[in-house]
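Analysis of the macromolecular model
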Protein chains: 2
Amino acid sequence: MTNTQRAKRATIRDVARVAGVHPSTVSRALGSDRQARALVNAETRARILKIAEDLNFRPDIAARTLKTGQSHTVGVLLPDLTNPLFPPIVRGLEDRFAEDGFVVLLGNTDDDASRGELVLEGLLSRGVDALVVATARRSGSQFLELSRQGLPIVLINRVFDDQLVPSVATDEVAGIRMAVRHVHSLGHHRIAHLAGPQDLSTGRNRYRGYLAEMDSLGLDVEESMVCIANLYSPEEGRRCAVELLDATGARPTAIVAANDMLAIGCYQALHALGLRCPEDVAIVGFNDAPFSDLLSPPLTSIRFPHYQVGQQAAQLVLERIADPTAPIKVIFLPPELVVRGSTCSRVQG
Amino acid sequence: MTNTQRAKRATIRDVARVAGVHPSTVSRALGSDRQARALVNAETRARILKIAEDLNFRPDIAARTLKTGQSHTVGVLLPDLTNPLFPPIVRGLEDRFAEDGFVVLLGNTDDDASRGELVLEGLLSRGVDALVVATARRSGSQFLELSRQGLPIVLINRVFDDQLVPSVATDEVAGIRMAVRHVHSLGHHRIAHLAGPQDLSTGRNRYRGYLAEMDSLGLDVEESMVCIANLYSPEEGRRCAVELLDATGARPTAIVAANDMLAIGCYQALHALGLRCPEDVAIVGFNDAPFSDLLSPPLTSIRFPHYQVGQQAAQLVLERIADPTAPIKVIFLPPELVVRGSTCSRVQG
DNA sequence: CTGTTAGCGCGTTCAC
DNA sequence: GTGAACGCGCTAACAG
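Residues numbered from 1 in each chain as written. Chains lettered and ligands numbered in written order. Predicted model: local features only at pLDDT ≥ 70, side-chain atom pairs only at ≥ 80, totals over all residues. Heavy atoms only, no water.

**Looking at the overall build of chain A**
Broken down by element type, chain A carries 13 helices and twelve strands. Its C-alpha atoms give chain A a radius of gyration of 27 Å, more than 25% over the compact-globule value 20 Å for 349 residues. Looking at chain A alone, contacts between residues at least 24 apart form 68% of all its contacts between residues at least 6 apart. Surface exposure of chain A reaches about 16,000 Å², of which carbon and sulfur atoms provide 50%. Of the charged side chains in chain A, 37 are positive and 40 negative; the average position of the first set lies 9 Å away from that of the second. (Helix = DSSP H or I, 4+ residues; strand = E, 2+ residues; numbered from the N terminus. Rg over C-alpha atoms; globule rule 2.2 N^0.38 Å. Contact = heavy atoms within 4.5 Å. Areas by Shrake-Rupley, 256 points an atom, 1.4 Å probe, with all protein chains shown as cover. Lys, Arg positive; Asp, Glu negative; His and termini not counted. Charge placed at Lys NZ, Arg CZ, Asp CG, Glu CD.)

**What to know about the relation of the copies chain B and chain A**
In screw terms, the move from chain B to chain A is a rotation of 180° and a rise of 0.2 Å along the axis, fitting with an RMSD of 0.3 Å. Considering both components of the superposition, the chain copies are consistent with a two-fold axis. (Least-squares fit on C-alpha atoms with pLDDT ≥ 70 in both.)

**Some words on the environment of A:Gly341**
Residue and element names in this part refer to chain A. Note on placement: Gly341 falls in the segment after strand 12 (336-338). Gly341 sits in the buried class, given a relative accessible area of 7%. Remark: the alpha-carbon pair of Gly341 and Ala212, spanning 129 residues in sequence, is separated by 26 Å. (Buried < 20%, exposed > 50% of the residue type's maximum accessible area, 1.4 Å probe, protein only.)

**Re the protein's contact with DNA strand D**
Taken together, 24 residues surround DNA strand D, and among them A:Ile12, A:Ser27, A:Arg64, B:His22 and B:Thr25 come closest. Considering the 4 Å shell around the protein, atoms of DNA strand D inside it are sugar or phosphate in 61% of instances. In the environment of DNA strand D, a base nitrogen lies 3.5 Å from a nitrogen or oxygen atom belonging to the side chain of A:Ser24. B:Asn41 places a main-chain nitrogen or oxygen 3.0 Å from a phosphate oxygen of DNA strand D. Contributions of two or more residues to the surface near DNA strand D are made by helix 1 (12-19), helix 2 (23-30) and helix 5 (61-68) of chain A together with helix 2 (23-30) and helix 5 (61-68) of chain B. For the surface near DNA strand D, the element with the highest residue contribution is helix 5 of chain A, accounting for four residues. (Near = heavy atom within 4 Å. Polar contact = N/O pair within 3.5 Å; in protein donor to acceptor, adjacent residues only side chain to side chain.)

**Structural notes on the packing of aromatic side chains**
Residues and elements named next belong to chain B. Under the criterion given, the structure shown has four aromatic pairs over all chains. Where Phe286 meets Phe304, the ring centres are 5.2 Å apart and the plane angle is 65°; that geometry is what we call edge-to-face. Of this pair, Phe286 sits in the loop between strand 9 (282-284) and strand 10 (301-303) while Phe304 sits in the loop between strand 10 and helix 13 (306-322), and the two are 18 residues apart along the sequence. Per residue, the accessibility class of Phe286 equals that of Phe304, and both read buried. (Phe/Tyr/Trp six-rings, centres within 6.5 Å; stacked < 30°, edge-to-face > 60°.)

**Structural notes on the protein's contact with DNA strand C**
Near DNA strand C there are 24 residues, and of these A:His22, A:Ser24, A:Thr25, B:Ile12 and B:Arg64 occur at the shortest range. In DNA strand C, atoms within 4 Å of the protein come 55% from sugar and phosphate. Interatomic distance of 2.9 Å between a backbone N/O atom of A:Asn41 and a phosphate oxygen of DNA strand C. Within the side chain of B:Ser27, a nitrogen or oxygen atom sits 3.1 Å from a phosphate oxygen of DNA strand C. Listing elements by their share of the surface near DNA strand C, those giving two or more residues are helix 2 and helix 5 of chain A together with helix 1 (12-19), helix 2 and helix 5 of chain B. At four residues, the largest contribution of residues to the surface near DNA strand C is made by helix 5 of chain B. Its residues placed into classes, the surface near DNA strand C shows eight nonpolar, nine polar and seven charged. (Nonpolar A, V, L, I, M, F, W, Y, C, P; charged D, E, K, R; others polar.)

**Thoughts on the domain arrangement of chain A**
Taken domain by domain, chain A consists of domain 1 (3-59), domain 2 (70-170 + 305-336) and domain 3 (172-304). Averaged C-alpha coordinates put domain 1 of chain A and domain 2 of chain A at centres separated by 34 Å. (Domains from an automatic or database assignment.)

**Things to note about a nonpolar patch on the surface**
Residues and elements named next belong to chain A. On the surface, Val159, Leu164, Ile328, Val330 and Phe332 cluster together to form a nonpolar patch covering roughly 420 Å² of accessible area. Inspection of the secondary structure assignment puts Val159 in the loop between strand 4 (153-156) and strand 5 (167-170). Looking at Val159, the relative accessible area reads 39%, which means it is partly exposed. (Patch = residues over 30% accessible without salt bridge, like charges linked within 9 Å, V, L, I, M, F, W, Y side chains within 5 Å. Salt bridge = Lys/Arg side-chain N within 4 Å of Asp/Glu carboxyl O.)

**Describing the sheet that holds strand 8 (residues 254-257) of chain A**
All names here are of chain A. Strand order in the open sheet made by the four strands is 7-6-8-9, with parallel pairing throughout. Both edges of this open sheet fall to strand 7 (226-228) and strand 9 (282-284), since each of them pairs with a single strand only. The sheet shows a mean angle of 15° between the axes of neighbouring strands, direction not considered. On the sheet, helix 9 (residues 172-185) packs against strand 6 (191-195), strand 8 and strand 9 and is oriented at approximately 170° with respect to strand 8. Taken strand by strand, helix 10 (residues 201-216) contacts strand 6 and strand 7, and its axis lies near 165° from that of strand 6. (Pairing = 2+ DSSP bridges. Axes fitted to C-alpha atoms, helices over the stretch in contact; angles between N-to-C directions.)

If you want it as structure tokens, here you go:
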């Protein structure tokens, strides 16, 4: 008796016995394979379905997996679910996967190589049909290896430079450009950038986007118009904002922050300097954190469609499972500008 | 060729062939069963381990599950991962499970009966060894049925009144009492409660806790000292706070809110009425949302150890898997008072 | 349309 | 200490 004493579930054979047919027939009647199902007599099938229902039959996916090599399970590797970025992504994944009967196996790596290795092993030995990878640091080599072995892999919020891999990402550069264009359209010309840490790709991308948009608007970027934070924290935001606003040259009339935390720091700086927002200085955040509309004034920000990122990633996975030779897609999802009181006094809080 | 064209992984038989032993020996050498492992010659075992490593052997959990009935997988049912309550819980679960080689299968139910049924089916047919349930609405009957069939089930943040089921919950009543006691110790006597919706258990519990603590402090609760919000939203919070502060009787000097959202509404009300916090009115929130320390003044709140809830729940699950007859534990985790500027002007923001 | 047969990879029992 | 044989529950191939 290797099984636990848990009541054994009805098997396909139990159903067959009651129905007076062969187990295979039951398998065909219940299976998801449409053309196999078509082969079985309609009323036989109806009878089998009823009996299965009565017996509370549930297929044993472990057995099916052993047989078919498909677990209908997808591993999701991410650094830390606690990062507010990820829950909507995971929901998007799950919702889309659920439509096709797939289930999500979760793995947090903490961006730690050895833990990541362990978690990955766990997922692979459970025979995941595909992998969704959102970890930042890992050198991609092992994933490329797995991919070459035929395991569908979809990347989230990152792309390999050297190799084409299916991926879904948000367009950060486009986002920051929207932010700059927005305040410009409001009549601002002295637009500063409160940049994020330049050792993070996000910080670099957003800085790049700022420069690009300023350039295409034909606006000068004096050195005093950019300050680089060492962390994405309100404290650093405040420090940098003070620096931007206290500079000897003409003061900026708008600050585009690389992140909502930094934007909060701007609020604090304005308060300390006795300046008003948006009348004296307009502020734009980045990420649309859940608390953005609770601030006073409510913070104009750039919102990313994280849920849709998850959905799209799941979609790509399913496509590649269905046809592993399908062309590799790289999808960029555009962000959305959410205008609130911090740039526009006419806007309702 | 039922398998996908994915490179077939090395099996236990491949290892056996290379090592020149029988597959069973490999199984024994690699297995987690200590006494089986003890039977195999130490150096044979060492050789097998090395070969397994070289061949990049990974046991097929589906096959093992089929044989042993244990999937080393635990299903987690929750209403919505997007609710900020849950990510830390899930991480706590995952971290503890990972220590024992278990993996988490996620299921969002949206508190929807039919979706819940579907998700549950999916988890059960994948042979989860246990279930962690955090869904609010479901009548517990089906879970009790599963539990009776021998499937370990642990409840999170809810307990069945009628039946003893292992569970981990935070002590809401204790939390709200701490909040009341805190402002009382600061010298407040006119302490109002901005209650949550009374059709939610959270709203009722917190209201109850407020009344209990006021009673044991020997403080009167006039009718005008309680206002019940219809939603956990800043708007409702504002409406109720205005009502509390505008009442004809003596104005409360402190408001204990049932939730941080409601507390934000209090801030808005104070602002609108030209009152200062904490000088005129002290505010206490509930839940310690991530943005609480970003408000001005930073919000005093009650923090719940969500991560530990997850860890403890995982611990209970593992205990019951190891010994299904172990006594049923119900664990209440105490909250923590986080004092910030909204109650105490001496406190640093 | 349905029955038969075989085997996925592993862990376990019984021999030796 | 190790080998041999069996079966977990299911589905794919082939008969009929």
